Amino acid sequence: ANDPFACFGGDGSSSSDDDDARPNNNSMDEAGRLRDKSNFEQPSAVTDLLHKHESSFEMFDATLASGKGLRAIVAYKQGDEIMRETAIMRIPNSQPAASREAAEQLHKNAIQRAYNSLHHESQKSFMALASCNEDGTDVARTPQGVYDTNSFRLENDPKGGLFLTIARINHSCRPNVTHFWSPRLQQKLIFAARDIDIGEELLTIYGPGQCMATKGRREYLNERFSFECNCEMCREGNANGGDQRMMEIQALQEDIALQSSSGLVTTTDVEGQLASVKKCLALMKEQGLGGGAFTKSLFHHGYDICLAAGDYDGARSYLNSELTAVMDSEGVHSSKAIEIEQALKNFQDTE
C-alpha cells in the first residue's frame, strides 16, 4: 500500500509471515524477554505482561485527557522490537445477517460471550480501557463499547483483535512506535519508529489513513475517538509549514499510488517519477514521519521505476533502502524482508 499510514489502525501491515524480529540490544535477557507475550497464559493480563516487560517500559498516568499510557524505561534504537502481544479477544469483523440491526446484535453477542469467558482479573483490565462513545455520557461502559474503541482489524484476517497492553499506547500524529500484525505468530509486534529516550511516552497513531492538515486530523479523531488531538504535530499546526507539508505529501502519495495501481511506471519520465519519490521522502523526514513503516512503499516504488528504466544500480539502492525500512517495521526475518534479500541476491548473481 502507498498510504503512508497503512501500518496503523485498520489493516496492520503488508507481509504475510514473520519470525523473530530484531530485539532491543541492551542485553541477552532483553532478547529473551521478547519471545512470547500471550495474554491467554495470564489471568491478570496487563499486570503480568508489564511485569515481564519491567526492564523495558511501564504504565503511567499520562494526562487527564488520555488517561494511562506506556513510557520507555530503557532507550530504544529505531527498528528495535519493543513488545509483542497476543490478542485477549478475537471477534469476526463482519456478521452474516439479514439486516444491519441483526448483524449489530450478533456482533454485540459475540463480544459479550468472549468477555464472559475471560478470567475476572482480565475482565477488570479490559473494562478499565476507554470507550469513546460511552465515557463522559450517562451510558454505562460496556464490553462492546470497549472492544469497538480499542480493537484492530488485522490485515486480511477475518477477525479483529483487542490487545490489552497495546491498547494503552496513546496517540500522536507524529508517532514514535509502529505496529505489525504477524499472521504466523498470531501476535501484534511493536517497533520503535525512531530512537526513543528513557522516559519518553510510547505513542502510535490512530488515524486518519491519509495525510491531512491539523484541522482535518483533529476533526477525524474527534469524530472517531471523541478527543481533540493536542499532540506535538497538532500544536505546531502550520507554524513551521507542517500543514503545507502534509498536503504536499498527500498529493505526492496520490500521484505515486496512481502510477503503481495503473501500471504507469514507464521509461518516458524516469527523472520526474524519481523526483516525486525523493521529494516525498524528504518532506516526510522533515515532518518527522521518516520511519520505515511510512517509507517502505516509497522505496519500493523507486525500485520499480529504476528497474523499468534498466537502472540496476539505482534499483539495487532503493531495494536496500526498502529492506532496511521493512526490517525496522516488520522484523529482520519477516517474509517481506526475506523476499527482498532474495531479490538482492539475484542482483548479485546476475553481475
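Each remark here, short or long, concerns the structure printed above.
Residue positions are counted from 1 within each chain, in the order its sequence is given. The model is predicted, so local features are restricted to residues of pLDDT at least 70 and side-chain atom pairs to those at 80 or more, both for listing and for counting; the totals for chains, interfaces and linings are taken over all residues. Excluding hydrogens and water, the side-chain values take into account all heavy atoms of the structure.

Q: Explain the pattern of salt bridges here, please?
A: Should their charged atoms come close, side chains of opposite charge can pair. Counted as salt bridges are all cases of a side-chain nitrogen of Lys or Arg within 4 Å of a carboxyl oxygen of Asp or Glu. Inspection of every chain in the model, using the stated rule, returns 17 salt bridges. Note that E121 and K124 form a salt bridge whose closest N and O atoms lie 3.9 Å from each other. With E121 and K124 both in helix α4 (residues 120–127) and three residues apart, the pair spans about one turn of that helix. Here the term buried applies to any residue with accessible area under 20% of the maximum for its type, exposed to any over 50%, and partly exposed to those in between, with areas from a 1.4 Å probe on protein chains only. E121 sits in the partly exposed class, given a relative accessible area of 27%. Classification of K124 as exposed rests on a relative accessible area of 54%. Each helix is a run of DSSP H or I of at least 4 residues and each strand a run of E of at least 2, with the numbering of both proceeding from the N terminus.

Q: Sorry, what's going on with the nonpolar core here?
A: Nonpolar side chains in soluble globular proteins tend to end up buried together. Only buried Ala, Val, Leu, Ile, Met, Phe, Trp, Tyr and Cys residues count toward a nonpolar core, and they belong to the same one when joined by side-chain atoms within 4.5 Å. If you look at the biggest cluster of nonpolar residues, it comprises 38 residues, and the most contacted ones within it are C173, C280, M284 and Y318. Among the secondary structure elements, those contributing two or more residues to this core are α6 (214–225), α7 (232–236), α8 (242–262), α9 (270–286), α10 (292–308), α11 (312–330) and α12 (335–350). We call two residues in contact whenever any of their non-hydrogen atoms come within 4.5 Å of each other. The contact partners of Y318, leaving out residues within four places of it in the chain, are L274, V277, K278, F299, G302, Y303 and C306. Of all hydrophobic cores here, the second largest spans 19 residues; its members include Y76, M83, F152 and L202.

Q: Help me out: how do you make sense of the environment of Q287 in this one?
A: Mapped onto the elements, Q287 comes out in the loop between α9 and α10. You can call Q287 buried: its relative accessible area is 1%. Separated by 47 residues in sequence, Q287 and N240 have C-alpha atoms that sit 9.6 Å apart. Here Q287 is in contact with R174, M233, G242, R245, M246 and I249, once residues within four sequence places are set aside. A polar side-chain atom of Q287 sits 2.8 Å from a polar atom in the side chain of R245. Here a polar contact is taken to be a pair of N or O atoms separated by no more than 3.5 Å, where protein atoms must pair a possible hydrogen donor with a possible acceptor and residues adjacent in sequence count only if both atoms sit in side chains.

Q: What's the story with the environment of S122 in this structure? I'm lost.
A: Secondary-structure assignment places S122 in helix α4. Measuring from C-alpha to C-alpha, the distance between S122 and I88 comes to 8.4 Å, with 34 residues separating the pair along the chain.

Q: I would appreciate a short explanation of α9 in the present structure.
A: Because each turn of an α-helix spans 3.6 residues, side chains separated by three or four positions end up pointing in the same direction. To estimate the expected span of a helix, count its residues, drop one, and scale the result by 1.5 Å. Given a rise of 1.5 Å per residue, 17 residues ought to cover 24 Å, and the 24 Å separating the end C-alpha atoms of α9 matches this to within 8%. For α9, the complete set of buried residues consists of V270, Q273, L274, V277, C280, L281, L283 and M284. A positive backbone phi angle near 80° is found at G288, which sits one or two residues after α9.

Q: Looking at this structure, how should I read the state of the cysteines?
A: Count a disulfide wherever a pair of cysteine sulfur atoms falls within 2.5 Å. By the definition in use, this model includes zero disulfides. As a non-bridged cysteine, C173 has C234 as the owner of its nearest cysteine sulfur, 3.8 Å distant.

Q: Where do I start with the sheet that holds strand β8 (residues 187–192) in this structure?
A: By way of backbone hydrogen bonds, the strands of a sheet pair with one another, either parallel or antiparallel. Reading across the sheet, the three strands line up as β3-β8-β7 and stay open at both edges, with antiparallel pairing between neighbours. The open sheet terminates on both sides in strands that have one partner only, identified here as β3 (81–85) and β7 (177–182). Each strand of the sheet is rotated relative to its neighbour by a mean of 20°, with strand direction disregarded. Bridge count between β7 and β8: six bridges; the pairing is antiparallel. Residue pairing across strands places W181 opposite K188, the latter belonging to β8. Helix-sheet contacts for α11 involve β7 and β8, and the interaxial angle to β8 is about 120°. Pairing between strands is defined by DSSP: at least two bridges between them are needed. Axes here refer to lines fitted to C-alpha atoms; in helices the fit is confined to the stretch in contact. Angles between the N-to-C directions go from 0 to 180 degrees.

Q: It is not clear to me how unusual backbone geometry should be interpreted in this structure. Could you clarify?
A: Cis geometry is adopted by the peptide bond preceding P208, which originates at G207 and carries an omega value of 5°. As for its placement among the helices and strands, P208 is situated in the loop between β9 (203–204) and α6. Even without a glycine there, the phi angle at E155 is positive, about 45°. With respect to the helices, strands and loops of the structure, E155 is situated in the loop between α5 (143–150) and β5 (159–162). Judged by its relative accessible area of 18%, E155 is buried.

Q: Help me out: how do you make sense of the packing of aromatic side chains in this one?
A: The relative placement of two aromatic rings is captured by the distance of their centres and the angle of their planes. Only Phe, Tyr and Trp rings take part, Trp by its six-membered ring, and two of them pair if their centres are within 6.5 Å. Stacked means planes under 30 degrees apart, edge-to-face means over 60, and tilted covers everything else. Counting across every chain of the model gives seven aromatic pairs. Centre to centre, the rings of Y206 and F227 are 6.3 Å apart; their planes meet at 85°, and the pair counts as edge-to-face. Residue Y206 is found in the loop between β9 and α6, and its partner F227 is found in the loop between α6 and α7; the two are separated by 21 residues along the sequence. A relative accessible area of 24% means that F227 is categorised as partly exposed. By the ring-pair criterion, three or more aromatic residues cluster together here, those being F152, F163 and W181. Working rule: Lys NZ or Arg CZ, within 6 Å of ring centre, within 35 degrees of ring normal, means a charge sits over the ring. Lying across the ring of F152, K188 places its NZ or CZ 4.5 Å from the centre. Over the face of the ring belonging to F225 we find R224, whose NZ or CZ atom lies 4.4 Å from the ring centre.

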